[in-house]
Amino acid sequence: MGQESPAYKRVLLKLSGEALLGSLEYGIDPAIIRRIAEEIVEVQSLNVQVGLVIGGGNIFRGAGLAEGGMDRVTGDQMGMLATVINSLALQDALERLGAVARVMSAIQIHEVCEDYIRRRAIRHLEKGRVVIFAAGTGNPFFTTDTAASLRAIEVGADVLIKATKVDGVYSADPLKDPQAVRYDGLSFDQVLADKLNVMDATAVVMCRDNDLPLVVFNLTNDGDLVRLVRGESLGTAVVNDLPPTGTGDD
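Reading guide: rules and limits
Residues numbered from 1 in each chain as written. Predicted model: local features only at pLDDT ≥ 70, side-chain atom pairs only at ≥ 80, totals over all residues. Heavy atoms only, no water. Helix = DSSP H or I, 4+ residues; strand = E, 2+ residues; numbered from the N terminus. Expected span 1.5 Å × (residues − 1). Contact = heavy atoms within 4.5 Å. Polar contact = N/O pair within 3.5 Å; in protein donor to acceptor, adjacent residues only side chain to side chain. 1 Å grid on protein atoms, 1.4 Å probe; cavity = no way out; pocket = protein on both sides within 12 Å on 5 of 7 lines; lining within 4 Å. Points joined across faces, edges and corners; volume = space filled by probe spheres on them. Nonpolar A, V, L, I, M, F, W, Y, C, P; charged D, E, K, R; others polar. Phe/Tyr/Trp six-rings, centres within 6.5 Å; stacked < 30°, edge-to-face > 60°. Buried < 20%, exposed > 50% of the residue type's maximum accessible area, 1.4 Å probe, protein only. Lys NZ or Arg CZ within 6 Å of the ring centre and 35° of its normal.

(A) Local environment of helix α1 (residues 30-44). End to end, α1 covers 21 Å across 15 residues, agreeing with the expected 21 Å (1.5 Å per residue, within 8%). For α1, the elements touching its buried residues are β1 (10-15), β2 (49-54), α3 (72-96), β5 (130-134) and α8 (224-229). The opening residue of α1, the one whose side-chain oxygen lies 2.9 Å from the backbone nitrogen of alanine 31, is aspartate 29.

Spelled out as structure tokens, the structure:
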């Protein structure tokens with residue numbers, strides 16, 4: 001009753017594979033994936049359409065395999081399959097909570113998920129289904145960050161929300177540098193010029209050139225995703241033509 005209108009109608013949430021680890025060294029922590037699913041369902045209850053892209057770093061990371069001597073294309077293909085595993089796990093967690101979810105893969109795996117077709121994905125979203133975009137872009141040498149930017153633009157998302165383990169974008173790694181400053185807002189050009197660790201450059205350029213706002217927030221804070229979608233100022237907003245601003249904290 002008296003529920004506030006959300007700030008967005010359609011969002012694309014980018015999760016890293018590592019976000020699913022929880023306290024584990026490898027794989028998927030059932031408690032973590034359930035908590036993430038619960039927050040997504042709560043966001044949906046605000047009449048917000050939700051799409052997701054999940055990385056595969058908790059299982060395989062193509063670039064890392066390539067550094068160990070494996071062919072980069074083969075390594076990236078293994079990474080794509082890892083994202084499918086994560087996507088199916090999240091689909092299951094969502095469905096256990098009563099949500100309707102669809103996994104759409106950029107590579108064909110008909111026995112376990114749908115092919116990614118843009119118009120069908122938009123239709124799923126319009127029908128209130130959570131759409132999980134798996135297998136990255138379907139091409140080697142492209143990260144799941146780039147896949148998230150691409151899918152968000154293709155389906156007309158109002159914002160790309162990147163979940164991390166810190167509460168925004170910092171001038172340096174806050175876990176290593178106590179003097180690191182958190183930004184409330186940044187421009188895409190500033191992110192690129194200062195080589196800030198937000199997303200890879202291709203993903204940032206795609207957001208900039210298509211005027212897609214990006215918000216970076218801390219997934220580990222319970223309820224922050226819902227508060228962000230409601231319009232609360234959380235994390236760091238990255239948009240076009242915005243001068244950098246710190247938190248003002250001494």
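(B) Main features of empty space enclosed by the protein. Counted under the stated rule, the structure contains one cavity of 30 Å³ or more. What the largest cavity holds in volume is close to 30 Å³. Along the walls of the largest cavity sit Val11, Leu13, Ile40, Val43, Val50, Ile161 and Leu225, which together make up its complete lining. Within the residue set of the lining of the largest cavity, elements represented by two or more residues are β1 and α1. Residue classes in the lining of the largest cavity are distributed as seven nonpolar, no polar and no charged.

(C) Here's a closer look at the packing of aromatic side chains. With the rule as written, the count across this model stands at one aromatic pair. With 5.6 Å between their ring centres and 80° between their planes, tyrosine 116 and phenylalanine 133 make a pair best called edge-to-face. Placement of tyrosine 116 in the loop between β4 (114-115) and α4 (118-126) and of phenylalanine 133 in strand β5 is noted, with a sequence separation of 17 residues between them. For phenylalanine 133, a relative accessible area of 2% puts it in the buried group. Its guanidinium or amino end placed over the ring of tyrosine 116, arginine 151 lies 3.8 Å from that ring's centre, counting from NZ or CZ.

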